[in-house]
Amino acid sequence: MNVVQLKEQLKGIYVLAITPFTEDGSAIDEAALARNINHYIEAGAHGVVVGGTYAEYPSMTVEERKTLFRYAVKAVAGRVPLLCCTAASGTEEAIMLTKAAKEYGASGVMVTPPYVSEVRPADIAYHFQLLNDAVDFPIFIYNSASIGVHLSPEEIKGLADLSNVAGVKQGATDLHALVRTQAYSGEKIAVMCGSDGLALGAIASGLAGCTSTNANFMTSEFVSLYEEVKAGRNEEAIRRYYSWQPIRELAKKYGQPAMVKAALEVVGLPSGPVRAPFRSLDETAKAEIRQTLKEVGIIS
């Protein structure tokens, strides 16, 4: 897949897939990953992203990350676009992981700015320029709100000129920043919302779609929201979106990815423990999550 092809397909709902681990947390659970990916696709997801922040890549070795890419490519089997997160604070590591993702057959890569101490805007631009020039492969910029380095809409506009940049996951939690990013760069690249809490406003404002971690356990709900907005069924979309607020509160209370893995267990897609420094949730927390999912209508 080339950059033009991926840009055209960067729309709708992309599931930010968590990484299932075996029961003792020592290895990636390939069977659970394949099962989960099948679930996302069958529920209507337009794309899948593996190895992101809430997929616990900081706790994985380079070889584990490459193994995850291989497993995911096999599971997706070309049915929807697959993006592999090759974020790294060192440029050479990001290049190496990107080459691996291309070799295995992914559709593109998702990459954060480098997050070394005192990285400056010119350093970030240099990082992406080197990656762009080293590997002829589509790049989906990940403007994360959680790594301590955040790109402004103006900086994203500059990066959008790079030949391999197909889109951006705009993780800003300010709708105005998302709108400005769309205004500055939407003609060049696909701009997707990176925050569940802004999904409705972002899609209604003309962004291409939304990447979501909560979509792991409620994929069809996010797909329905997207379809309702695109069809102009705004009252339905508004009711659906605001009914999710208790789930968003749980994510804030327990943190991701622990809450998401617990919710996956509740909906019948057990995906193992989280790795340190995260801690898996206890039975009391799982009971609260189960009750909330019942009240919202995610499970019966």
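Refer to the preceding data block for the structure.
Criteria and thresholds
Residue numbers here run from 1 along each chain, matching the order of that chain's written sequence. Local features in a predicted model are, by the rule used here, given only for residues with pLDDT of at least 70; side-chain atom pairs are given and counted only at 80 or more, and totals for whole chains, interfaces and linings are based on all residues. Water and hydrogen atoms play no part in the side-chain values, which are based on all heavy atoms of the structure. Each residue gets one of three labels from its accessible area relative to the maximum for its type: buried under 20%, exposed over 50%, partly exposed in between, using a 1.4 Å probe on protein chains only. Numbering of helices and strands runs from the N terminus, with a helix taken as a DSSP run of H or I at least four residues long and a strand as a DSSP run of E at least two residues long. Throughout, the arc means that of the directions going from the helix axis to the C-beta atoms. Residues are treated as being in contact if the distance between any of their heavy atoms lies within 4.5 Å. For this analysis, a polar contact is any N or O atom pair within 3.5 Å, provided that within protein one partner can donate a hydrogen and the other can accept it, and provided that sequence-adjacent residues contribute only side-chain to side-chain pairs. Note on aromatic contacts: the rings of Phe and Tyr and the six-membered ring of Trp form a pair at centre separations within 6.5 Å, being stacked when their planes are under 30 degrees apart, edge-to-face when over 60 apart, and tilted otherwise. One requirement defines pairing of two strands: DSSP has to find at least two bridges between them. Place the viewer so that the strands point away; then a crossover is right-handed whenever the path from the first strand over the helix to the second strand goes clockwise. By definition, a salt bridge exists where a carboxyl oxygen of Asp or Glu is found within 4 Å of a side-chain nitrogen of Lys or Arg. Axis definition: a line fit to C-alpha positions, over the contact stretch in the case of helices; interaxial angles, taken between N-to-C directions, run 0 to 180 degrees.

## Points about helix α7 (residues 175-185)
1) Next: Inspection of α7 places A177, L178, T181 and S185 among the buried residues, and these make up the whole buried set. Within α7, the buried residues cover an arc of 100 degrees as seen down the axis, which keeps them to one side. Exposed side chains of α7 directed beyond 90 degrees from the buried face belong to H176 and A183.
2) Next: Where the residues of α7 are buried, they touch α6 (153-159), β6 (165-170), β7 (190-193) and α8 (199-204).
3) Next: Where α7 begins, the side chain of D174 points an oxygen toward the backbone nitrogen of H176, at a separation of 2.9 Å.

## Looking at the packing of aromatic side chains
1) Next: Scanning all chains against the criterion turns up 3 aromatic pairs.
2) Next: Ring centres of Y241 and Y242 lie 5.0 Å apart, and the angle between their planes is 80 degrees; on these two criteria the pair is classed as edge-to-face.
3) Next: Overall, Y241 belongs to the buried group, its relative accessible area being 7%.
4) Next: Judged by its relative accessible area of 53%, Y242 falls in the exposed class.

## What to know about the pairing of strand β1 (residues 12-17)
1) Next: Buried residues dominate β1, accounting for 6 of its 6 residues.
2) Next: In this structure, β1 lies alongside strand β8 (residues 209-212), joined through 4 bridges in parallel fashion. Residue pairing in the sheet places Y14 in a bridge with T211 of β8.
3) Next: Each parallel crossover has a hand, and the one from β1 via helix α2 (residues 30-42) to strand β2 (residues 47-50) is right-handed.

## Let's talk about unusual backbone geometry
Negative phi values dominate among residues other than glycine, just as trans dominates among peptide bonds.
1) Next: For the bond running from Q256 to P257, omega is 15 degrees, close enough to zero to count as cis.
2) Next: Its place among the elements puts P257 in the loop between α11 (245-254) and α12 (258-266).
3) Next: Positive phi, close to 70 degrees, is recorded for E56, a residue that is not glycine.
4) Next: Tracing the sequence through the fold places E56 in the loop between β2 and α3 (62-76).

## Considerations on the pattern of salt bridges
1) Next: Overall, the coordinates contain 14 salt bridges when judged by the stated rule.
2) Next: R275 is the partner of E64 in a salt bridge, and the nearest nitrogen-oxygen pair spans 2.8 Å. Taken together, the residues E64 in helix α3 and R275 in the loop between α12 and α13 (283-296) connect sequence positions 211 residues apart.
3) Next: You can call R275 buried: its relative accessible area is 13%.
4) Next: One salt bridge connects K253 with E288, and the closest N-O pair in it is separated by 3.0 Å. Residue K253 is found in helix α11, and its partner E288 is found in helix α13; the two are separated by 35 residues along the sequence.
5) Next: In this structure E288 comes out as partly exposed when scored by relative accessible area, which is 28%.

## Notes on the sheet that holds strand β5 (residues 139-143)
1) Next: Taking strand neighbours around the barrel as the criterion, the 8 strands line up as β1-β2-β3-β4-β5-β6-β7-β8 in a closed arrangement whose pairing is parallel. When strand polarity is set aside, the average angle formed by the axes of neighbouring strands in this sheet is 25 degrees.
2) Next: Bridge count for β1 against β2 is 4 bridges, and the pairing is parallel. Along β2, the bridge assignment pairs V15 with V48.
3) Next: With respect to the sheet, helix α5 (residues 121-134) is in contact with β4 (108-111), β5 and β6, its orientation differing from that of β5 by roughly 160 degrees.

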